[in-house]
Amino acid sequence: MAPSAIDPPSFSNLSPDVPRILIPEKLSPEGLALLSSSGFHLDIPPPGSLSPEDLAAKIGSYQALIVRSETKVTASLLSAGSKLKVVARAGVGVDNIDVKAATERGVIVVNSPSGNILAAAEHTIALLMATARNVPRGDTTLKQGKWERGKLVGVEVGGKTLGIVGLGKVGLKVARVASQGLGMTVIGLDPYASAEVAKAAGVSLVGSLDELLPQVDFLTAHTPLLASTLNLLGEEQFKKMKKTARVLNVARGGVYNEEALLKALDEGWIAGAGIDVFTQEPPKEGSIPLTLAQHPKVVSTPHLGASTVEAQENVSIDVCKQVVEILKGGLPTAAVNAPLILPEEYRRLQPFVKLVEKIGSLHTQHYANPNPKSTTTTTTTRRFELIYHGDLATITNTRPLFAALVKGLVTPISNTNINIVNATLIAKDRGIAIDEKHVSSHSSTYASAVTLRSISTTDNNDSDQIIEGYVSGNAVFISKLDRFAANFTPEGTLLILHNYDEPGKIGNVGMVLGRHGINITFMQVAGLNQEARRKVVDDGPVDDSGNGLKEALMILGVGGEVTKELIGELGRQEGILDVSVVRL
Ligand SMILES: NC(=O)C1=CN([C@@H]2O[C@H](COP(=O)(O)OP(=O)(O)OC[C@H]3O[C@@H](n4cnc5c(N)ncnc54)[C@H](O)[C@@H]3O)[C@@H](O)[C@H]2O)C=CC1
Ligand SMILES: O=C(O)C(=O)COP(=O)(O)O
């Protein structure tokens, strides 16, 4: 059905029982046809015509809102949408939607996890070629009547090295085209990627940005925008690149620090950039994003990554089908905030689902440090054992727990939505192998406990990491992190510091946090467990008097913005071995 076939509704004669759907952005007609043929009322104002205030004033009469990347679905908009059942994102990234606020209000958020992935990958290749061969400048100047062949000599990409940061759905597609189609050498950085999956796409994994940056002729980022990827590439990183290198961003504005990128181009630290996404869209007059977009060494496009006829058709159908399903009382296929658990299993398993998800999320954020100080090793394989102890070991349907682990492991670093239906497939795609084990007798004092053991095989050695937790009533606790016996609630923002167990550490850390305006909501020192203590005396590091140096974890619940500068400063304090920030 053509878009014009959908008449704007006349609200005066709408039945109060017919659900209303507001679509303030441009959506392909194929999905709209599904909505109107299901009997819903659609309101489709001209795309971009509603200000945030207009939207807030209108939203109260709608059951569904369908957006792309331009509409900001904030907590206050959601609170004005008292009838909302679903917010649908016709695309991948949900960074314009306050998913937490939606969840709190019981509003389902759905997206189209893969409808526009090919389009985004192809646009990256388009920008790669356009920056290499000066295509836009050639076109503009020729249209102005100039024949500037001498000024527009480009570079070839075949035989050159492409660095990819973020090997998820888009990153892997770019890798395949670049390695198999363009004859490029592709190296990738993704601390959470499986080396086998990467290898199959023609990518050799490296362990750190420091290792990647000096090697690449082209660099492309394909991570979501997260606290850990904001400003991932700044001045320090651009300075480490070849002067002839070019960088691409079809992911999200903010993964490259825009001010630093401008400086890198002006100072000649790098040769050029191809940019599709900006920290402000559309960028305002006089802003840094607009200066960047207009820079002579930049090829820029106005967030066109997903703008193909095919991708728009895919995402429109994907989300409209789900909106129909939800408004008719069914379950969506790609809910960002879907429950992992069926109602009848809810009472028994819910706290364990929560525990396992928190353990998975803690594992990804605490152990897979995206910015290691130095890495000469590369993870080749990682497998997990999920061990159920005590009463929990008697549960036979552990599918929700398996799904909870995959969700916990993947959600902190990816846009992918995990639910009970797709967990196994996503684990397979990402090379996550999980063995579930049931152990009815357990040395733990808790009636039911869970252990996650992850075994990593690297080029140099094997290592394993352990996280253990338990449920008491409905509350969940972490009781062990590797060799450290702990007891804390995995909730909120946590700083985990690995340090030598000597006097003065807590005071120093408290002072640094105070200087950065960070509040401490709780603090716990997790000491070595008995076995680990014995080992320290036998073969651990020693102090000047030959006594075994004990280690501990300091676990702090904090409020306030945890910046990279703060983490750096904490890491430089005497006796601090490592710092991680975990948001649970
Ligand atoms: N310009 C456009 O129109 C479009 C943009 N996008 C954007 O592209 C990006 C990638 O999307 P997908 O591939 O679907 O995401 P994905 O969730 O499948 O993959 C993201 C990958 O980034 C990795 N990652 C996370 N933190 C990292 C870090 N610190 N260092 C290295 N790797 C890290 C994850 O392990 C994961 O493999 C997203 O930002 C998405 O919003 C997607 C579609 C269209
Ligand atoms: O799907 C995504 O993440 C995109 O960035 C596409 O955004 P758009 O739907 O084109 O506004």
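Quick caveat: nothing in here was measured; it's all calculated off a predicted structure.

**Student:** Can you break down the pairing of strand E19 (residues 493-500) residue by residue, with the values?
**Tutor:** Residues in a regular strand project their side chains so that they alternate between the two faces of the sheet. Of all the 8 residues making up E19, 6 are buried; the element is thus mostly covered by neighbouring parts of the structure. One ladder, built from 8 bridges, connects E19 with strand E21 (residues 551-559); its direction is antiparallel. Each residue of the ladder has a partner; that of Ile496, found in E21, is Ile555. Pairing between E19 and strand E22 (residues 576-583): 7 bridges, direction antiparallel. The partner of Leu495 across the bridge, within E22, is Val581.

**Student:** Describe the environment of Asp95, and please don't skip the residues or the numbers.
**Tutor:** Within the fold, Asp95 resides in the loop between strand E4 (86-89) and helix H4 (99-104). Overall, the relative accessible area of 43% leaves Asp95 in the partly exposed class. Considering only alpha carbons, one finds Asp95 and Pro283, 188 residues apart in sequence, at a separation of 17 Å. In this structure, Asp95 is in contact with Leu225 and Arg252, ignoring residues within four places of it in sequence. Of the polar contacts made by the side chain of Asp95, one reaches the side chain of Arg252; its length is 2.8 Å.

**Student:** Could you give an account of the UniProt feature "domain: D-isomer specific 2-hydroxyacid dehydrogenase catalytic" (unreviewed entry) in the protein chain, with specific residues and numbers?
**Tutor:** Per the UniProt record, "domain: D-isomer specific 2-hydroxyacid dehydrogenase catalytic" (unreviewed entry) is annotated on residues 21-337. For residues 21-337, helix accounts for 37% and strand for 14%, while the C-alpha atoms at its two ends are 20 Å apart.

**Student:** Could you give an account of the packing of aromatic side chains, naming the residues involved and the relevant values?
**Tutor:** Geometry of an aromatic ring pair is reported as the spacing of the ring centres plus the angle between the planes. Throughout the structure, instances matching the rule amount to 2 aromatic pairs. Between Phe238 and Tyr256, the aromatic rings sit 6.1 Å apart at their centres with planes inclined by 10 degrees, giving stacked as the arrangement. Here Phe238, found in helix H10 (residues 235-239), pairs with Tyr256, found in the loop between strand E10 (246-249) and helix H11 (258-266); they are 18 residues apart in sequence, far enough to count as distant. Its relative accessible area of 0% is what places Phe238 among the buried residues. For Tyr256, a relative accessible area of 2% translates into the label buried. Ring centres of Tyr470 and Phe477 lie 5.2 Å apart, and the angle between their planes is 20 degrees; this geometry places the pair in the stacked category.

**Student:** Please give an account of the site of ligand 2 that cites residues and values.
**Tutor:** Lining the immediate surroundings of ligand 2 are Arg68, Ser69, Arg89, Ala90, Gly91, Val92, Gly93, Asn116, Arg252, His303 and Ala306. For ligand 2, an oxygen atom lies 2.8 Å from a polar atom in the backbone of Gly93. One of the side-chain N or O atoms of His303 is found 2.7 Å from an oxygen atom in ligand 2. Look at ligand 2: alone it shows 320 Å² of surface, and the protein chains cover 91% of it. Residue composition of the shell around ligand 2, by class: 3 nonpolar, 5 polar and 3 charged.

**Student:** Quick rundown of the pairing of strand E7 (residues 185-189)? Include the residues and the values.
**Tutor:** Most of E7 sits out of view: 4 of its 5 residues are buried. Looking at chain direction, strand E6 (residues 161-165) and E7 are connected through 5 bridges and run parallel. Within E7, the position partnered with Gly163 by the bridge is Ile187. Crossover connection from E6 via helix H7 (residues 169-181) to parallel E7: handedness right-handed. Taken together, E7, helix H8 (residues 195-200) and strand E8 (residues 203-205) constitute a β-α-β crossover, and its handedness is right-handed.

Definitions and cut-offs
- Residues numbered from 1 in each chain as written.
- Chains lettered and ligands numbered in written order.
- Predicted model: local features only at pLDDT ≥ 70, side-chain atom pairs only at ≥ 80, totals over all residues.
- Heavy atoms only, no water.
- Buried < 20%, exposed > 50% of the residue type's maximum accessible area, 1.4 Å probe, protein only.
- Helix = DSSP H or I, 4+ residues; strand = E, 2+ residues; numbered from the N terminus.
- Pairing = 2+ DSSP bridges.
- Contact = heavy atoms within 4.5 Å.
- Polar contact = N/O pair within 3.5 Å; in protein donor to acceptor, adjacent residues only side chain to side chain.
- UniProt positions renumbered as here; feature names shortened; annotations may be inferred.
- Phe/Tyr/Trp six-rings, centres within 6.5 Å; stacked < 30°, edge-to-face > 60°.
- Near = heavy atom within 4 Å.
- Areas by Shrake-Rupley, 256 points an atom, 1.4 Å probe, with all protein chains shown as cover.
- Nonpolar A, V, L, I, M, F, W, Y, C, P; charged D, E, K, R; others polar.
- Right-handed = clockwise from strand over helix to strand, strands pointing away.

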